[in-house]
Amino acid sequence: MDSVTTAACCEQVRQCVQERLGESRFRTWFEDATFSPEGEVLVVQVNNHFVGKWIAANYLDDLFSTWRELLGHGERVDVRIVVSGPGSAAGECPPVTAGGRSRRPSSHGSRSLATKSSELDDFVVGPCNAMAFAAASTLARSCGRAFKLLVIHGGVGLGKTHLIQGVCGSIRRGDATVECRYITGEQFTNEFILALRSGRIDQFRMRFRNVDVLAIDDIHFLADKKGTQQEFLHTYNALDLGGRAVVLTSDRHPRTIARLSEPLIDRLISGMVVSVEAPDLATRREILARMASKRDQTLPDEVLDFVATHVTRNIRELEGALNTLIGYAALSHAPITVDVARTALRDRFVQAGPGLQPRDIERVVAQHLGVSAEQLCSRSRDRTVSLARALAAFLMRRHTDLSYPEIGRALGKKNHSTVLMATQRMEKLLHRDGEVTWKNGAELHHSPLRAMLETLERQLSPAVA
Ligand code: ADP
Ligand code: MG
């Protein structure tokens, strides 16, 4: 393809991205970007490290697929994001490429920018993860002599990978002769299948049975995979016999991983099983402060409070919010204030666009539970009505800037301690992954609270629906 044509394609990619993002978001992230061709490579040049990182993490996929569509499926089609200009220190941000061809571009791209080793020392400890941290540190310190099997379970973005990698790093640093192998459940499965196909199962077994510590992240990936589960069980038994240690993470308690063999479940729960929970406000705040300082930033107290109050679900989201905020402030040359945070993070508060009114929340909750708006604001103590009220209060707290007294007023002059208690009840239930029960007509319904909140939040957010 000649250079005139590739230059035209660059312009088309720019326009496609602009259409897809809308004017204001495009201006935020791409205003100063230049799009130029280097053979079959689209080079997107930005002059700010955070913007580069943001684009790599969020838009590389889009850029790559649009570019490939326009250019055809050439061998060297790729997208590279480079940071240059006065805003970036030399070497601060290595160029990121989509990696093209058969690889998933964005994950590769974002990984290469975001790669970092997770250390136990960087882990912020709060009530939500203290047990898990203590267990991980003990295993690392004693190199498996204190106990031989540790299973860390919990939802997405709550620090499981950080802990398991921290254990490996800490063991390796403590004694370079100890062999510690870290692998994900997915890689373990793939390598096992490959070994079977290529008749190299002995090498596979050597690799996993001759280590001092085996760490497998996301073991729930083995659900449904009978052969791999069996192989893992043999691996585990061999390591156990040899007095070696095994560390695993999973997105849920081993007993509730569907389609895991009974013998494997028995094995897993014979170990030290600890959970990581969603962080409370104080821990979220501390994590933010710590993450900001690692990025050489100091956030004012009120900004820490604001972000920690609004970004509640998990730590990965907190990290994303912080990156966005720092990037946005750098880009707009603005100091980091609550107002800047509100604007920068608008898209993240779903969910909580500034337009989200208490009455939207009331309407969605009332409809979902089959109660009327009047009942919601009444003094009724009916179980379903009370649940609806607690859910509405919780969602207002999460997605609006209303104070407890204001929420009380929105819900029919309830006093602020009633609102506080109701939201705390929801928070506690959420922490222990509890269920809610309600009656719609004569029918009794049950749902995990987490799933119920997700449904309601989807309805509140046209962007997410
Ligand atoms: P999971 O594996 O549970 O999905 P991760 O370990 O990938 O979650 O955590 C998501 C992000 O949050 C990572 O960047 C991780 O370093 C960070 N993180 C998680 N928990 C903590 C913590 N307690 N202190 C500091 N950073 C944390
Ligand atoms: Mg993980």
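Use the structure listed above.
Residues numbered from 1 in each chain as written. Chains lettered and ligands numbered in written order. Predicted model: local features only at pLDDT ≥ 70, side-chain atom pairs only at ≥ 80, totals over all residues. Heavy atoms only, no water.

Caption draft 1: Focus on the packing of helix α10 (residues 226-241) against helix α11 (residues 262-269). Look at α10 against α11: their axes get within 10 Å of each other, and the N-to-C directions meet at 40°. Crossing angle aside, the handedness with which α10 passes α11 is left-handed. Along its contact with α10, which presents Q229, F232, L233, Y236, N237 and D240, the element α11 presents P263, L264, R267 and L268. Each residue belonging to the contact of α10 with α11 can be placed in one class, and the counts come to 6 nonpolar, 2 polar and 2 charged. (Axes fitted to C-alpha atoms, helices over the stretch in contact; angles between N-to-C directions. Helix = DSSP H or I, 4+ residues; strand = E, 2+ residues; numbered from the N terminus. Left-handed = near helix turned anticlockwise from the far one by under 90°. Contact = heavy atoms within 4.5 Å. Nonpolar A, V, L, I, M, F, W, Y, C, P; charged D, E, K, R; others polar.)

Caption draft 2: Just the pattern of salt bridges, in detail. Throughout the structure, instances matching the rule amount to 20 salt bridges. E38 is the partner of R80 in a salt bridge, and the nearest nitrogen-oxygen pair spans 2.9 Å. Taken together, the residues span a long stretch of sequence, with R80 in strand β3 (residues 78-83) and E38 in strand β1 (residues 34-38) at a distance of 42 residues. E317 is the salt-bridge partner of R313, the closest N and O atoms lying 3.2 Å from each other. The class of R313 is partly exposed, set by a relative accessible area of 24%. (Salt bridge = Lys/Arg side-chain N within 4 Å of Asp/Glu carboxyl O. Buried < 20%, exposed > 50% of the residue type's maximum accessible area, 1.4 Å probe, protein only.)

Caption draft 3: Broad picture of the nonpolar core. One finds I361, V365, L369, L391 and L449 to be the most contacted residues of the largest nonpolar core, which totals 33 residues. Sorting elements by how many residues they give to this core places helix α18 (residues 383-399) first, with 10 residues. Leave out the neighbours within four places in its chain, and L449 touches L391, M426, L429, L430, G434, E435 and V436. Counting residues in each nonpolar core, the second largest holds 27 residues, with F30, V46, F64 and V79 among its members. (Core = buried A, V, L, I, M, F, W, Y, C linked by side-chain atoms within 4.5 Å.)

Caption draft 4: Spotlight on the sheet that holds strand β6 (residues 180-184). Read from one edge to the other, the open sheet built from 5 strands follows the order β6-β7-β8-β5-β9, with strand pairing classed as parallel. The sheet is open, and its two borders are formed by β6 and β9 (272-275), each paired with just one other strand. On average, each strand axis in the sheet is tilted by 15° relative to the strand beside it, whichever way the strands run. (Pairing = 2+ DSSP bridges.)

Caption draft 5: Quick peek at the site of ligand 1. Surveying the vicinity of ligand 1 reveals 17 residues, the closest of which are G157, K160, H162, R316 and E319. The contact in question runs from an oxygen atom of ligand 1 to an N or O atom on the side chain of E319, over 2.7 Å. In isolation ligand 1 offers 560 Å² of accessible surface; the protein chains occlude 91% of this area. Secondary-structure elements contributing two or more residues to the shell around ligand 1 are α7 (160-174) and α14 (315-331). By residue class, the composition of the shell around ligand 1 is 6 nonpolar, 6 polar and 5 charged. (Near = heavy atom within 4 Å. Polar contact = N/O pair within 3.5 Å; in protein donor to acceptor, adjacent residues only side chain to side chain. Areas by Shrake-Rupley, 256 points an atom, 1.4 Å probe, with all protein chains shown as cover.)

Caption draft 6: Summary view of the environment of S380. Summarising the element assignment, S380 is placed in the loop between α17 (373-376) and α18. For S380, a relative accessible area of 26% puts it in the partly exposed group.

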